[in-house]
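A look at the structure
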Amino acid sequence: MREHLPTATDCSLVLLKPVVLVGMMGAGKSAVGMALSKRLGVMFRDSDAEIEQAAACSIAEIFARDGETFFRAREAEVIARLLREAPAIISTGGGAYLRPETRDLITGHGVAVWLRADIELLWSRVKHKDTRPLLRTENPKQTLADLLAARTPSYEMADLVADCRPDYSIEAMVDVVIDVLKDAGILTETPV
Ligand SMILES: Nc1ncnc2c1ncn2[C@@H]1O[C@H](COP(=O)(O)OP(=O)(O)OP(=O)(O)O)[C@@H](O)[C@H]1O
Ligand SMILES: O=C(O)C1=C[C@@H](O)[C@@H](O)[C@H](O)C1
Ligand SMILES: [Mg+2]
């Protein structure tokens, strides 16, 4: 297992751009994103949560009532708004990065980090919850695998990649993302 330090805020690190976590359902965008924001002492935003808050109902209810196309339009608007704020950690919904205009906006204003995970890891994380409307099918694992295959070419367009592993805790994944951001010059040490 990857070693990591306790979860104290590391104020010596400065985030230069919004960091947008992309990838499949269950990759850990929300969980890792929140922990990463705490570590860096910056705001955490989650496009799914923003949409739910604005609509005052769950994503499953929005899909059922207004349809996926409506949800995708709101998702694109929310991400565009979050990118205009001060550099923060922004977790997206699993389908957000498929939209070319959203990809362009992220590239223009921030940096996309793909949390890359294989089907077994993703399935182990999503199988216990039925909150994700796209997985309400007869064979949700196959649906997840099909989505992963169809979406991988889009996720591959992300600026940076952080590989998820089953033996990496949320805090260990924060370490992985921090290393990736430092290597790319998005996260810098403040001069002493
Ligand atoms: N590295 C990890 N170690 C252990 N559990 C994790 C890890 N990353 C995520 N999890 C857990 O896996 C589940 C799914 O994670 P999360 O909700 O963050 O995924 P997501 O990428 O935001 O998915 P979605 O696209 O559906 O919003 C959660 O219960 C979360 O706590
Ligand atoms: O992968 C997806 O398309 C989705 C993932 C979730 O984050 C939600 O945005 C919603 O359930 C759709
Ligand atoms: Mg999420």
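Keep in mind it's a predicted model, so treat the numbers as computed, not measured.

**Some words on the sheet that holds strand β6 (residues 160–163)**
If you trace the five strands from one edge of the open sheet to the other, you get β3-β4-β2-β5-β6, paired in parallel fashion. On the outer flanks of this sheet lie β3 (44–46) and β6, each paired with one strand and no other. Adjacent strand axes in the sheet meet at a mean angle of 25 degrees, parallel and antiparallel pairs treated alike. Across three bridges, the pairing between β3 and strand β4 (residues 89–91) is parallel.

**Regarding the site of ligand 1**
Every one of the 16 residues lining ligand 1 counts as a neighbour, but Lys29, Ser30, Ala31, Arg125 and Arg132 are closest to it. Contact distances for ligand 1 include 3.5 Å between a nitrogen atom and a side-chain N or O atom of Arg125. Here Ile170 contributes a backbone N or O atom positioned 3.4 Å from a nitrogen atom of ligand 1. Bound to the protein, ligand 1 loses 73% of the 640 Å² it would expose on its own. Elements with a contribution of two residues or more to the shell around ligand 1: α1 (29–40) and α8 (170–183). Of the residues contributing to the shell around ligand 1, the split by class is seven nonpolar, five polar and four charged.

**Quick look at the pairing of strand β5 (residues 111–116)**
Burial analysis of β5 places five of its six residues in the buried class, the great majority of the element. As judged from the four bridges shared by strand β2 (residues 19–22) and β5, these two strands associate in the parallel manner. What sits directly across from Val19, in β5, is Val111.

**Concerning the UniProt feature "binding site: ATP" (unreviewed entry) in the protein chain**
Residues given the UniProt feature "binding site: ATP" (unreviewed entry) here are Gly26, Ala27, Gly28, Lys29, Ser30, Ala31 and Arg132. Of note, Gly28 is situated in the loop between β2 and α1. Once residues within four sequence positions are removed from consideration, Gly28 is found in contact with Gly33, Leu115 and Arg125. By the element assignment, Arg132 lies in the loop between α6 (119–126) and α7 (140–155). Overall, the relative accessible area of 25% leaves Arg132 in the partly exposed class. Not counting residues within four places of it along the chain, the set of residues in contact with Arg132 comprises Met25, Gly26 and Val126.

**Examining the site of ligand 2**
Close contacts around ligand 2 come from Met25, Asp48, Ile59, Phe71, Arg72, Glu75, Gly93, Gly94, Gly95, Pro133, Leu134 and Arg151, and that covers them all. Contact distances for ligand 2 include 2.5 Å between an oxygen atom and a side-chain N or O atom of Asp48. A distance of 3.3 Å separates an oxygen atom of ligand 2 from a polar atom in the backbone of Gly94. Out of a free accessible area of 310 Å², ligand 2 has 95% covered by protein chains.

About the criteria used
Residues numbered from 1 in each chain as written. Chains lettered and ligands numbered in written order. Predicted model: local features only at pLDDT ≥ 70, side-chain atom pairs only at ≥ 80, totals over all residues. Heavy atoms only, no water. Pairing = 2+ DSSP bridges. Helix = DSSP H or I, 4+ residues; strand = E, 2+ residues; numbered from the N terminus. Axes fitted to C-alpha atoms, helices over the stretch in contact; angles between N-to-C directions. Near = heavy atom within 4 Å. Polar contact = N/O pair within 3.5 Å; in protein donor to acceptor, adjacent residues only side chain to side chain. Areas by Shrake-Rupley, 256 points an atom, 1.4 Å probe, with all protein chains shown as cover. Nonpolar A, V, L, I, M, F, W, Y, C, P; charged D, E, K, R; others polar. Buried < 20%, exposed > 50% of the residue type's maximum accessible area, 1.4 Å probe, protein only. UniProt positions renumbered as here; feature names shortened; annotations may be inferred. Contact = heavy atoms within 4.5 Å.

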